[in-house]
Amino acid sequence: MCQHFFIRRSGQNPYGPLVLFGNPVYNILKSQQKGISMPDFDPAACTSEHLRGNLTELRYRAWYNIPYTEHPAAPELQVLHIFIPEEYFIGGSINGYTARTAPIFFPNAVGGYMEAPPCRPYVYEDGTFNTEAAALAHGYVVVSAGARGKNTQMNSRNIAPSVIVDLKAAVRFIRSVADRICGDPDKIISNGTSAGGAMSALLAASGDSPLYEPYLNEIGAARESDRIFAASCYC
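A brief structural summary. (Residues numbered from 1 in each chain as written. Predicted model: local features only at pLDDT ≥ 70, side-chain atom pairs only at ≥ 80, totals over all residues. Heavy atoms only, no water.)

Here's the deal with the pairing of strand S3 (residues 47–52)
Look at any regular strand and the pattern is simple: side chains alternate between the two faces of the sheet.
Okay, step 1: Alignment of S3 against strand S4 (residues 57–67), held across 6 bridges, turns out to be antiparallel. Note that in S4 the partner of Ser48 across the bridge is Arg61.
Okay, step 2: In textbook terms, the turn of a hairpin is the stretch between consecutive antiparallel strands, and for S3 and S4 this stretch comprises 4 residues. (Pairing = 2+ DSSP bridges. Helix = DSSP H or I, 4+ residues; strand = E, 2+ residues; numbered from the N terminus.)

What follows is the structure in structure tokens.
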């Protein structure tokens, strides 16, 4: 359990000073006022984890399987993982980034437009970090969301454009809890390969498009912006 601190920005200014609270249960349901209820998101319910690579040891805190919609159509898929470098919980910095300024890396595992689980950091057999672990080592906060796809049990809620809708909903969730996690919600960087690269590009190109609003409302997405800062796209 990560019981001793969590972080939020004070006041209404997203760039205001960070405040540390000793009681992590404080403010858990604040996101309700933004149109979404997330009682399963407890800032204290994390694990402290570490990975050892060839050159360095990585320590971070992890939150797994957090629902990012209020009315999910596929609850086992519409969840996300959050990973935050341990250094940010002790007031430290990594490569010049701090708990307030760290970009939020947002990778997806979509391939072939199939459904995909959230990504997570790990070490390859040769001792090198995967993309998510490398991002953490560089000082990024990592948030990865699962998404529905063309092989998800089909009904009227799981057909296209469900993949991009789910990623947008996850971005909105990140913004709705930005006062309870580290990272800069105005520096969200999407990443994907193959169909995931296409989704990453579309996520960047269609920020706050009204075309997706009915679908986002249907699954109970947070009433936040779904724009992102940048996209990293691979084919």
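Quick notes on the environment of Cys46
Okay, step 1: Position of Cys46 relative to the elements: it lies in the loop between strand S2 (18–21) and S3.
Okay, step 2: Sequence separation between Cys46 and Phe83 is 37 residues; the distance between their C-alpha atoms is 9.3 Å.

Observations regarding the layout of surface pockets
Okay, step 1: Here the second largest pocket is characterised by a volume of approximately 210 Å³.
Okay, step 2: Asn108, Thr131, Glu132, Asn191 and Thr193 are, among the 14 residues lining the second largest pocket, the residues nearest its centre.
Okay, step 3: Elements with a contribution of two residues or more to the lining of the second largest pocket: helix H1 (131–138), strand S8 (188–193) and strand S9 (230–234).
Okay, step 4: Broken down by element, the lining of the second largest pocket gets its largest block of residues, 3 residues, from S8.
Okay, step 5: A breakdown of the residues in the lining of the second largest pocket according to their chemical character gives 5 nonpolar, 7 polar and 2 charged. (1 Å grid on protein atoms, 1.4 Å probe; cavity = no way out; pocket = protein on both sides within 12 Å on 5 of 7 lines; lining within 4 Å. Points joined across faces, edges and corners; volume = space filled by probe spheres on them. Nonpolar A, V, L, I, M, F, W, Y, C, P; charged D, E, K, R; others polar.)

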